[in-house]
Amino acid sequence: MVASVVVFFGVSSIGDPLGQLRLEPSISAEALQRYVDRKHLDRPLLVQYGLWVKEAVTNQFGTDLLRDREIWPDLVKAMGRTSQLVLPAEAIAVLFAAIVGVTSARFRYSVFDHGFTLLSFLAYSLPTFWLALVLQVAVTSFYNSSGIRLFYTAGLSSPNPGTGLSFFIDRLQHLALPIFVLSVTSVAVYSRYMRSSMLDQLGSEYVRLARSKGVRERRVLTAHAFRNALLPFVTVIGAHLGAVLGGTIIVETIFDIPGMGTYFYNALIARDVYPLMAWLMVTSTLIVVFNLVTDLVYAVIDPRIRYE
Amino acid sequence: MISVPRGGRPAVRTAMAPLAVVSLAFTGAFADPAGLHDSSADPPSGGTAILAHEQPPPSLNPYTVQGASGGTRSVAQFIFDGLLVVDPSTAEWVPELLAELPEVTEDPFTITYRLKTDSLWSDGEPITADDLIFTYDTLVNPDWEIANRAGYELITNATRVDDHTVTFEFASPYSEYRALFHVLLPEHDLADEDFNTVYDTNVPVSSGPFVVAEHSEGEQVRLSANEHYHLGRPLLDEVIVRSVPERLTAVQQLRGGEIHIMDPQAAPDLMDQLTAIPDATTQVISSLVYEGLFFNFARPPLDQSYVREAIAMSIDREAVNQVLVVPLNPESTPIASTVLAPEQQGFQDNYGAYHADPEGAIALLESNGCTRDDDDVFVCEGERLEFGYVTTAGNERRRLMFELVQASARESGIQLNAEVTEGAVQFGERWPAGDFDIFNVGGGNANVSGFSGYFSCEGGTNHTEYCNSELDAHLEEASNAASLDDFVAAMNAADQELAGDFAFVPMFFIHYAVAHSNDLQGVVVPSTLLNPGYNATFHYRTHEWFLAE
């Protein structure tokens with residue numbers, strides 16, 4: 001609720017949402033007045049906010065400013081497209097980061113550890129948009145030199161993607177690059193936390209005890225240290241969701257994916273506070289839900305934790 | 001026009017068709033980019049061409065869409081035909097859905113349209129006079145949120161002469177009548193529909209070469225060939241209009257064969273990338289949309305003509321042109337007329353006094369009693385010649401322009417300070433409130449409504465307090481002109497008034513680019529976009545586009 005107030009008043013106070021329209025001589029005063037009337041733009045901001053709350057609660061966020069289109073159906077579509085991007089990216093990032101983190105901790109200060117430490121810092125510091133553009137150039141150059149279409153540079157599907165397996169492969173070819181770009185930063189962050197967490201566990205007394213009892217190293221790692229190391233790892237994943245959703249704004253814009261990120265970008269460019277507010281409410285809810293899921297996962301990972 | 005086939009550096013093409021007597025509202029100048037129209041060849045049919053446009057269409061309705069309408073135009077031009085269209089070979093308006101040019105009478109001012117008798121809608125129904133009258137009724141119906149009713153509101157009577165002929169009577173002459181009815185609406189499909197929403201996402205029945213087959217909102221619009229198209233079935237089976245907001249992505253897509261054609265706003269760095277693509281042709285289209293600096297007459301000493309003149313003389317428009325425009329179009333020069341392109345008959349240099357002359361500016365200020373202060377800035381009648389220059393945040397072109405303008409003005413003892421403002425504040429607050437000294441904004445004087453909006457005393461977007469009744473009278477004459485000659489003469493006279501008042505400084509015309517794969521042939525790109533309406537862009541005769549085998 002606080003966020004909605006901040007965003008509504010913040011975005012509304014930036015400037016007149018009809019500013020660009022007012023510059024166009026071809027837009028009649030009558031047309032401009034329709035926008036003002038439709039969203040009560042001549043009323044005080046507090047009243048406008050109140051009317052927005054009413055619309056959001058009773059009418060699924062109502063309509064946008066410029067097109068008078070219903071917001072909720074568009075948002076649902078966008079969420080569906082973004083989930084095709086975010087879920088695989090996060091799954092890959094979690095899996096890869098866990099493997100890298102555990103291996104780095106197990107072989108601390110080895111070439112592998114140093115190598116992945118370097119790569120992690122590199123990946124974390126790479127600007128997402130730069131990586132995306134470089135990959136697009138590389139993939140296009142590969143296609144032009146070899147004639148083999150490994151991946152597409154943008155969009156969700158080809159003009160005629162077919163059905164079944166053909167459709168799946170086509171979608172994969174389109175989403176591979178954005179998924180990779182989105183997962184790179186997550187891998188960098190998660191793997192560092194996993195390594196650190198594993199090192200804590202590997203240095204603890206119960207691990208030393210297990211080793212002294214002759215428990216095999218693989219079992220020490222997987223059944224004892226890894227499971228306990230998962231708790232902070234899961235916490236980081238939950239907390240990182242906001243950054244991932246933020247990352248989709250850049251990734252979806254560059255890779256031309258009409259998901260939540262593009263929805264936010266377009267609304268911001270249009271200075272349309274209504275879809276922006278809906279986006280904010282949905283993403284806030286998602287983050288809250290994801291944190292709740294994270295808490296529930298704690299109980300699964302560590303049987304000592306129980307919620308009453 | 002610049003044409004760059006197969007990855008070379010831009011080479012100037014001078015194959016400009018001789019232009020007839022035209023106004024910018026009446027015509028366009030086009031050229032065949034690479035001799036692609038070989039009528040002796042038998043072009044292959046079939047295939048899908050993909051167009052990348054920066055914006056998705058907010059709606060498919062060209063009459064109600066407002067604001068970012070480029071996305072709508074990019075689709076509408078494939079699916080709607082109008083009564084008239086500009087023919088590239090003659091650069092004149094020619095009939096499209098009409099059997100002949102409209103018949104015009106002067107007193108009273110009437111226009112008689114005779115539709116082709118064999119044209120069909122995409123569903124096979126005939127296109128008749130009833131559709132034309134229905135279109136008119138729709139456009140003047142107050143229930144519908146029509147973006148611009150200019151011209152239609154002057155019609156006092158519509159008479160159905162026969163099945164394919166309609167006569168419209170106007171309350172007063174309307175010189176821009178050729179741009180009316182750029183889209184015809186099917187009565188049998190729309191009669192009981194809500195016109196505000198019916199074309200939001202789909203257009204079931206249309207008159208153009210393609211029809212909407214599928215619309216994935218925000219993503220792409222798939223268009224399929226109109227089997228009943230009045231000029232014959234299109235050679236392509238499909239056209240897909242895809243929204244690709246990131247230009248650099250679109251460049252890679254063109255390079256990798258994922259799209260066939262794109263139409264971004266031209267910029268030097270973008271052009272370098274486009275022209276480096278092998279097997280693609282890049283062409284630059286100049287326009288009559290200008291970048292200009294507007295003076296606020298309500299802010300002394302800008303109310304003094306000699307101060308505005310001195311500023312105009314201090315600005316090195318040639319240097320700005322060299323840096324920002326010549327890399328796109330080597331033939332470009334600083335704006336000499338805001339109403340006509342140099343290649344148009346009737347063109348005259350109205351802004352000769354605006355050439356850079358720092359010494360002249362200094363002499364002018366000194367002759368009016370201005371003196372320099374300790375910072376070498378002139379002070380006139382107690383007012384220091386130091387002005388805020390409002391420009392748009394994040395706009396690289398405008399940033400560069402400011403730096404060049406500031407440097408040259410400083411040589412003449414005039415200090416300009418950048419007030420870099422976020423677009424919504426700049427256009428939504430500061431411009432309407434008149435909260436500026438000098439304001440950088442784009443505009444177009446090509447037609448009466450654009451010109452009068454900014455510069456008429458009662459102009460809806462005039463926030464500079466500039467007012468010249470003679471200019472208004474000339475625009476009124478232009479609006480009511482019954483002949484092209486009269487129209488051009490009146491527009492020139494208005495432009496001369498504007499120039500003589502030093503009401504603003506026109507800097508340069510904005511350029512657009514069209515880049516297409518050489519696989520896609522039959523694309524005809526205008527060298528100058530004189531009428532940024534629906535009938536004068538590269539979408540001309542898209543039913544003749546084809547993919548090379």
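The paragraphs below set out a description of the structure included in this document.

Conventions used here
- Residues numbered from 1 in each chain as written.
- Chains lettered and ligands numbered in written order.
- Predicted model: local features only at pLDDT ≥ 70, side-chain atom pairs only at ≥ 80, totals over all residues.
- Heavy atoms only, no water.
- Helix = DSSP H or I, 4+ residues; strand = E, 2+ residues; numbered from the N terminus.
- Buried < 20%, exposed > 50% of the residue type's maximum accessible area, 1.4 Å probe, protein only.
- Contact = heavy atoms within 4.5 Å.
- Areas by Shrake-Rupley, 256 points an atom, 1.4 Å probe, with all protein chains shown as cover.
- Buried area = accessible area lost by both parts, 1.4 Å probe.
- Salt bridge = Lys/Arg side-chain N within 4 Å of Asp/Glu carboxyl O.
- Polar contact = N/O pair within 3.5 Å; in protein donor to acceptor, adjacent residues only side chain to side chain.
- Phe/Tyr/Trp six-rings, centres within 6.5 Å; stacked < 30°, edge-to-face > 60°.
- Lys NZ or Arg CZ within 6 Å of the ring centre and 35° of its normal.
- Pairing = 2+ DSSP bridges.
- Axes fitted to C-alpha atoms, helices over the stretch in contact; angles between N-to-C directions.
- Patch = residues over 30% accessible without salt bridge, like charges linked within 9 Å, V, L, I, M, F, W, Y side chains within 5 Å.
- Disulfide = S-S within 2.5 Å.
- Expected span 1.5 Å × (residues − 1).
- Arc of directions from axis to C-beta.

## Notes on the overall build of chain B
Within chain B, the secondary structure is distributed over 13 helices and 25 strands. Across the 549 residues of chain B, 60% fall into the buried class. Summarising the internal contacts of chain B: among those between residues at least 6 apart in sequence, 70% fall at separations of at least 24. Taken as a whole, chain B presents about 19,000 Å² of accessible surface, with 46% of it coming from carbon and sulfur.

## Side note on the environment of Gln77 of chain B
Residues and elements named next belong to chain B. You can see Gln77 is positioned in helix α1 (residues 70–79). Of the residues examined, Gln77 reaches a relative accessible area of 9% and is grouped as buried. Gln77 sits 38 residues away from Leu115 along the chain, and the two C-alpha atoms are 19 Å apart.

## Observations regarding the interface of chain A and chain B
In this assembly, 45 residues from chain A lie in contact with 45 residues from chain B. Interface of chain A and chain B: buried area, both sides summed, is about 3,700 Å²; carbon and sulfur atoms make up 46% of it. Applying the counting rule to chain A against chain B returns 6 salt bridges. One salt bridge connects Glu217 of chain B with Lys77 of chain A, and the closest N-O pair in it is separated by 3.6 Å. Across the chain A-chain B interface, the total number found is 12 residue pairs in polar contact (both at pLDDT 80 or more). Contributing elements (two or more residues each) for the side of chain A that touches chain B: α1 (2–14), α2 (19–22), α3 (29–39), α5 (71–106), α7 (128–146) and α10 (217–254) of chain A. A total of 7 residues in the side of chain A that touches chain B trace back to one element, the largest contributor, which is α7 of chain A.

## A look at the packing of aromatic side chains
Two measures describe an aromatic ring pair: the distance that separates the ring centres and the angle between the ring planes. On inspection of all chains with the given rule, the structure shows 38 aromatic pairs over all chains. Measuring from ring centre to ring centre gives 4.4 Å for Phe264 of chain A and Trp279 of chain A, while their planes differ by 45°; the resulting arrangement is tilted. You can see Phe264 of chain A sitting in helix α11 (residues 260–269) and its partner Trp279 of chain A sitting in helix α12 (residues 273–301), a full 15 residues away along the chain. Judged by its relative accessible area of 11%, Trp279 of chain A is buried. Considering the side-chain rings of Tyr113 of chain B and Phe181 of chain B, the 5.8 Å spacing of their centres and the 85° angle between planes classify their relative orientation as edge-to-face. In this pair, Tyr113 of chain B is assigned in strand β8 (residues 110–114) and Phe181 of chain B in the loop between β10 (165–170) and α3 (187–190), connecting sequence segments 68 residues apart. By relative accessible area, which is 0% here, Phe181 of chain B ends up buried. Cluster of aromatic residues (ring-pair linked, three or more members): Tyr290, Phe294, Phe297, Trp431, Phe436, Phe439, Phe451, Tyr454, Phe455, Tyr466 and Phe504 of chain B. Just above the ring of Tyr274 of chain A sits the side chain of Lys39 of chain A; from NZ or CZ to the centre is 4.4 Å.

## Description of unusual backbone geometry
All names here are of chain B. For the peptide bond that leads from Asp107 to Pro108, omega is 0°, which places it in the cis range. One can find Pro108 in the loop between β7 (103–105) and β8. With an omega dihedral of 5°, the bond running from Pro300 to Pro301 counts as a cis peptide bond. Phi at Phe181 is positive, roughly 55°, even though this residue is not glycine.

## Quick look at the sheet that holds strand β9 (residues 155–162) of chain B
All names here are of chain B. On the basis of which strands lie adjacent, the open sheet formed by 4 strands has the order β7-β8-β10-β9 and antiparallel pairing. Unpaired on one side and paired on the other, β7 and β9 mark the two borders of the sheet. Put simply, the sheet's adjacent strands are angled 15° from each other on average, direction ignored. In terms of strand pairing, β9 meets β10 through 6 bridges, oriented antiparallel. By the bridge assignment, Ile155 is partnered in β10 with Phe170. Across the sheet, helix α2 (residues 129–140) is in contact with β8, β9 and β10; its angle to β9 comes to roughly 170°.

## Notes on the pattern of salt bridges
All names here are of chain B. Applying the stated rule across the entire model yields 32 salt bridges over all chains. Its salt-bridge partner being Asp237, residue Arg233 comes within 2.9 Å of it at the nearest N-O pair. Judged by relative accessible area, Asp237 falls into the partly exposed class, the value being 33%. Two residues, Arg299 and Asp435, come together in a salt bridge whose shortest N-O distance is 3.2 Å. Linking Arg299 in the loop between β15 (280–295) and α6 (305–314) with Asp435 in the loop between α10 (423–433) and β21 (438–444), this pair joins segments that are 136 residues apart in sequence. Owing to a relative accessible area of 32%, Asp435 belongs among the partly exposed residues under this scheme. Members of the salt-bridge network, linked through shared partners, are Arg299, Glu419, Arg430, Asp435 and Asp437.

## Description of a nonpolar patch on the surface
All names here are of chain A. The grouping of Phe129, Trp130, Val134 and Ile250 at the surface amounts to a nonpolar patch, some 360 Å² of accessible area in total. At 3 residues, the largest contribution of residues to the nonpolar patch is made by α7. Mapped onto the secondary structure, Val134 falls in helix α7.

## Observations regarding the state of the cysteines
Residues and elements named next belong to chain B. All told, the structure shown has 2 disulfides over all chains when counted by the stated rule. Between the sulfur atoms of Cys370 and its disulfide partner Cys380 the distance amounts to 2.0 Å. One disulfide, between Cys370 and Cys380, carries an S-S torsion of 115° and so falls in the right-handed class. Linking Cys370 in the loop between α8 (358–367) and β16 (371–372) with Cys380 in strand β17 (residues 378–380), this pair joins segments that are 10 residues apart in sequence. The residue that forms a disulfide with Cys457 is Cys467, at a sulfur-sulfur distance of 1.9 Å. Because the torsion about its S-S bond is 90°, the bridge between Cys457 and Cys467 counts as right-handed.

## Here we look at helix α4 (residues 45–58) of chain A
Residues and elements named next belong to chain A. Helix length check: α4 (14 residues) gives 20 Å between terminal C-alpha atoms against 20 Å at 1.5 Å per residue, within 8%. For α4, every residue scored as buried is listed here: Gln48, Tyr49, Trp52 and Ala56. Buried residues of α4, viewed axially, fall in a sector of 100°; they line one side. Along α4, the residues that are exposed and aim more than 90 degrees away from the buried face are Leu46, Lys54, Val57 and Thr58. Just downstream of α4 lies Gln60, where phi reads positive at about 50°.

## A short note on the pairing of strand β19 (residues 386–392) of chain B
All names here are of chain B. Of all 7 residues in β19, 6 are buried; the element is thus mostly enclosed. Here β19 pairs with strand β20 (residues 415–421) via 7 bridges, running parallel. Each bridged residue has a counterpart across the sheet, and for Tyr389 the counterpart in β20 is Ala418. The sheet contact formed by β19 and β21 spans 2 bridges and is parallel. In the sheet register, Val390 faces β21, and the bridge partner there is Phe439.

## Here we look at the side chain of Asp272 of chain A
Residue position: Asp272 of chain A is located in the loop between α11 and α12. Within the structure, the side chain of Asp272 of chain A is placed 2.8 Å from the backbone nitrogen of Leu65 of chain A, a separation counted as a polar contact.

## Overview of the sheet that holds β17 of chain B
All names here are of chain B. Read across the open sheet, the 3 strands follow the order β16-β17-β18; overall the sheet is antiparallel. The sheet terminates laterally at β16 and β18 (383–384), the two strands that pair on one side only. In this sheet, β18 lies alongside β17 in antiparallel orientation, the contact comprising 2 bridges. Within β18, the position partnered with Val379 by the bridge is Arg384.

## Overview of helix α6 (residues 111–125) of chain A
Relative to the 21 Å expected for 15 residues at 1.5 Å per residue, α6 of chain A spans 21 Å between its end C-alpha atoms, a close match to the ideal helical length. The secondary structure elements touched by the buried residues of α6 of chain A are α5 and α8 (164–202) of chain A.

Purely spatial values, then, with no claim about function.
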